[in-house]
Amino acid sequence: MGDAVKSSGRSKGGASRKGRHRGVKGYLERHFQVLIHSLGRLSRNPFSTLMTIAVIGIALALPTGLYLLVDHVRDLGGQWRETTRISLFLKQEIGDERARRLVEGLIEKEEIEEAAYISPEQALDEFREFSGFGNVLDALESNPLPGVILVQPAALQPEAIQALLDRLRKLPEVEIAQLDMEWVRRLYTLLDILQRGILTVAALLALAVLLIVGNTIRLDIESRREEIVITKLIGGTDGFIRRPFLYTGFWYGVGGAFIALLLVNLSLILLQGPVERLAGLYGSEFRLGLTSLEMVLVLLGIGVALGLLGALLAVGRHLRAIEPE
Amino acid sequence: MILFDKVSKRYPGGQEALSAVSFELEAGEMAFLTGHSGAGKSSLLKLVTLIERASGGQVVVNGQNLTRMGRREIPRLRRDIGIIFQDYRLLHDRTVFDNVALPLIVTGLQRRDVERRVRAALDMVGLLNKEKRYPVTLSGGEQQRVGIARAVVHKPPLLLADEPTGNLDPELSREIMDLFRLFNQVGVSVLIASHDLELIASLPYRVLTLERGRLIHDSGAAG
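Residues numbered from 1 in each chain as written. Chains lettered and ligands numbered in written order. Predicted model: local features only at pLDDT ≥ 70, side-chain atom pairs only at ≥ 80, totals over all residues.

## Quick look at the overall build of chain B
Note the following rule: Segments assigned H or I by DSSP are reported as helices when at least four residues long, segments assigned E as strands when at least two residues long, and all are numbered from the N terminus. Put plainly, a residue is buried at 20 or more neighbouring C-beta atoms within 10 Å of its own, exposed at 12 or fewer, and partly exposed in between, counting only other residues' C-beta atoms, which are placed from the backbone. Once C-beta atoms are placed from the backbone, any two residues with those atoms within 7 Å are in contact.
When helices and strands are tallied, chain B shows seven helices and ten strands. Considered along the principal axes of its C-alpha atoms, chain B spans approximately 45 × 40 × 35 Å. For chain B, buried positions account for 46% of its 223 residues. A sequence separation of at least 24 residues applies to 67% of the contacts in chain B between residues at least 6 apart.

## Points about the sheet that holds strand β4 (residues 174-179) of chain A
Residues and elements named next belong to chain A. This is how the line gets drawn: DSSP calls a pair of strands paired once it identifies at least 2 bridges connecting them. Fitted lines through C-alpha atoms serve as axes, helices being fitted only where they are in contact, and the angles separating the N-to-C directions of these axes extend from 0 to 180 degrees.
Strand order in the open sheet formed by four strands is β2-β3-β1-β4, and the pairing between neighbours is antiparallel. Two strands bound the open sheet, and with one partner strand each, they are β2 (112-118) and β4. Averaged over all pairs of adjacent strands, the angle between strand axes in this sheet comes to 20°, irrespective of strand direction. In terms of strand pairing, strand β1 (residues 86-90) meets β4 through five bridges, oriented antiparallel.

## A look at the environment of S189 of chain B
All names here are of chain B. Tracing the chain through its elements places S189 in strand β8 (residues 189-193). Each C-alpha atom of the pair S189 and M1 lies 7.2 Å from the other, and the pair is 188 residues apart in sequence. Those residues in contact with S189 that sit more than four places away from it in its chain are M1, L25, A27, G28, E29, P157, L158 and L159.

## Focus: the nonpolar core
Selection criterion: By definition, a nonpolar core groups buried Ala, Val, Leu, Ile, Met, Phe, Trp, Tyr and Cys residues that are joined through C-beta atoms within 7 Å.
Membership of the largest hydrophobic core comes to 70 residues, with the highest contact counts inside it found for L33, V100, A121, A149, L159, L160 and F180 of chain B. If you tally residues by element for this core, the top one is helix α3 (residues 96-106) of chain B, at seven residues. Beyond its immediate sequence surroundings of up to four residues, L159 of chain B is in contact with G82, I84, A151, V152, F180, F183, V188, S189 and V190 of chain B. Residues L210, I212, I259 and A314 of chain A belong to the second largest nonpolar core, which totals 30 residues.

## Topic: the packing of helix α2 (residues 24-44) of chain A against helix α10 (residues 238-281) of chain A
All names here are of chain A. The cut-off we apply is this: By definition in this entry, angles of less than 35 degrees are roughly parallel, angles greater than 145 are roughly antiparallel, angles of 65 to 115 are roughly perpendicular, and the rest are oblique. For any helix crossing, the convention is left-handed if the near helix is rotated counterclockwise from the far helix by under a right angle, and right-handed if that rotation is clockwise.
The contact between α2 and α10 brings their axes to 9 Å, and the two run at 65°. Judged by the inter-axis angle, α2 sits roughly perpendicular to α10. At the point where α2 passes α10, the crossing takes the right-handed sense. Only R243, P244, Y247, T248 and W251 of α10 make contact with α2, whose side of the interface consists of V34, L35, H37, S38, L39 and L42.

## So, the confidence of the model for chain A
Any region with low pLDDT has predicted coordinates that should not be read closely. Residues and elements named next belong to chain A. Filter applied, for reference: Each residue carries a pLDDT score, the predictor's confidence in it, ranging from 0 to 100.
Taken over all residues, the pLDDT of chain A has a mean of 82, while the share at 70 or more is 87%. Per-residue pLDDT, averaged within each element of chain A, yields its smallest value for helix α1 (residues 2-9) (40) and its largest for helix α11 (residues 293-318) (93). Here residues 1-21 scores under 50 on pLDDT; set against residues more than four positions off or in separate chains, the count is 40 contacts.

## Details of the sheet that holds strand β2 (residues 16-25) of chain B
Residue and element names in this part refer to chain B. Strand order in this open sheet of four strands is β2-β1-β4-β5, and the pairing throughout is antiparallel. The open sheet has two edge strands, β2 and β5 (64-65), and neither has a second partner. Pairing of strand β1 (residues 2-10) with β2 involves six bridges; the strand directions are antiparallel. Of the residues in β2, the one forming a bridge with L3 is E24.

## Things to note about the packing of α3 of chain B against helix α5 (residues 140-152) of chain B
Residue and element names in this part refer to chain B. Where α3 meets α5, the axes come as close as 7 Å, and the angle between the chain directions of the two elements is 30°. With respect to their mutual orientation, α3 and α5 come out roughly parallel. Note on packing geometry: the crossing formed by α3 with α5 is right-handed. Taken together, the residues of α5 that come into contact with α3 (itself represented by V96, N99, V100, L102 and P103) are V146, A149 and R150.

## Some thoughts on the domain arrangement of chain A
To keep it simple, the criterion reads: Here the bounds of each domain stem from an automatic or database domain assignment.
Entries for chain A in the domain assignment read domain 1 (35-78 + 186-318) and domain 2 (86-178). Look at where the C-alpha atoms of domain 1 of chain A and domain 2 of chain A centre, and you get two points 52 Å apart.

## Details of unusual backbone geometry
The backbone phi angle of A20 of chain B is positive, close to 45°, even though this residue is not glycine. Summarising the element assignment, A20 of chain B is placed in strand β2.

## Things to note about helix α1 (residues 41-48) of chain B
Residue and element names in this part refer to chain B. Within α1, seven of the eight residues are buried, which leaves the element mostly enclosed by the surrounding structure. All of the buried residues in α1 are K41, S43, L44, L45, K46, L47 and V48. After α1 finishes, the residue L50 shows a positive phi value of roughly 60°.

Structure follows, in structure tokens:
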């Protein structure tokens with residue numbers, strides 16, 4: 001006891017500042033302690049914590065899922081766009097010989113990158129192989145398919161392709177000239193609108209996350225009013241008092257992002273089977289896959305940013321109002 | 001340590017809690033502040049810790065003029081003051097140890113040093129064996145001793161106590177006073193607001209008497 005009293009006496013000389021750890025390591029150590037401490041606090045109320053991060057998770061999962069969906073469809077559209085080709089269905093009376101001469105002529109042209117002739121026989125074989133209607137076809141007496149020339153335009157601009165299409169349509173050998181691009185363009189416009197819409201939804205849901213975190217932290221601040229007052233009375237700085245609440249917001253963000261990832265990937269897994277079957281029907285190898293690492297990081301980043309910002313808003317508004325009386 | 005120069009405090013609404021109060025508490029001095037409830041004792045202590053600001057006059061604490069002190073400097077001022085409350089104001093969701101450690105934690109002291117200092121403070125108030133208990137499981141006298149340990153753990157040069165024995169019986173009150181005398185003996189300045197005149201009269205310390213916001217009697221530095 002005597003020793004303790006003696007040590008308290010040293011304070012007169014202002015020795016109380018001695019031994020205060022001011023290094024970077026100490027600073028990080030303290031932050032890390034608060035980080036873990038705030039996680040511990042949250043885990044002591046598992047139910048309400050889980051409720052909060054579940055709400056945040058759902059709010060994050062919704063736009064993420066929609067975004068991924070649109071992204072996948074866009075990818076798919078990209079594959080189709082590359083195969084933008086003009087199909088020239090030849091008149092029935094055009095023989096192989098004449099068709100091949102036509103192809104040679106077409107390849108010469110500058111605005112055409114490639115042209116290939118598919119004879120009625122080849123077309124029939126291909127059709128037999130891929131459609132599964134082999135038996136039916138065998139029953140036919142004559143080949144009903146026309147010869148086709150596939151033309152790959154050199155240009156990518158829709159206008160140039162359209163012009164080329166108009167010219168090819170006037171060739172005497174051509175019965176029908178067909179370009180399957182219109183619907184790709186429509187799809188893209190639709191996707192643009194969808195993406196804009198998702199962005200709006202995402203912004204609204206981000207606002208909702210901010211409000212949820214802000215309100216939860218506000219309640220937390222209210223319930224710890226006495227602690228805040230006492231901490232201020234014994235010389236705790238605003239920064240010190242703010243820290244645990246900010247880290248609580250941080251954990252809400254991290255937790256919400258994880259829940260969102262869980263929900264999105266769960267949905268992707270559930271969709272996997274049906275999508276594969278659908279893709280199979282179209283002869284496509286298309287697969288959904290899970291969220292990429294990049295997506296995981298982006299979602300975590302957004303979650304953390306929203307959590308911190310929500311906490312910052314609540315703390316800025318409410319901590320200042322709590323002063324000793 | 002504390003210098004009041006013609007200090008007045010007027011609360012919004014016009015009531016004057018303190019008017020033209022002047023006194024000086026030397027470093028290492030111990031004094032009592034007395035008067036009826038509402039005489040201005042609490043207001044005076046609040047001015048020292050900048051819970052309230054003076055409406056007029058100058059307050060100097062530990063060499064710092066509080067009149068011009070900004071909001072951001074307040075924590076530093078309070079770290080040099082140990083405050084003891086009538087109702088102890090302990091955190092009930094934390095152990096005795098964690099309560100006492102709080103003033104050290106806010107300064108960012110390392111865990112190892114925190115443990116050493118907290119144990120020393122608890123030893124001083126005779127509660128070393130109760131560091132893992134929660135405040136509600138302790139008696140009033142024990143809770144107040146936890147409050148005192150918290151006030152001195154960071155070795156502040158100044159101790160302020162607002163009716164520290166207000167909720168305790170005479171015997172416990174005397175024990176608490178003995179603790180304050182002990183701190184004073186090792187050089188800590190102590191200012192205790194109390195209306196326990198009997199107890200105060202039995203001790204050889206300076207007494208400042210307030211009445212309706214005025215300092216009507218100052219026994220001068222005794223003891």
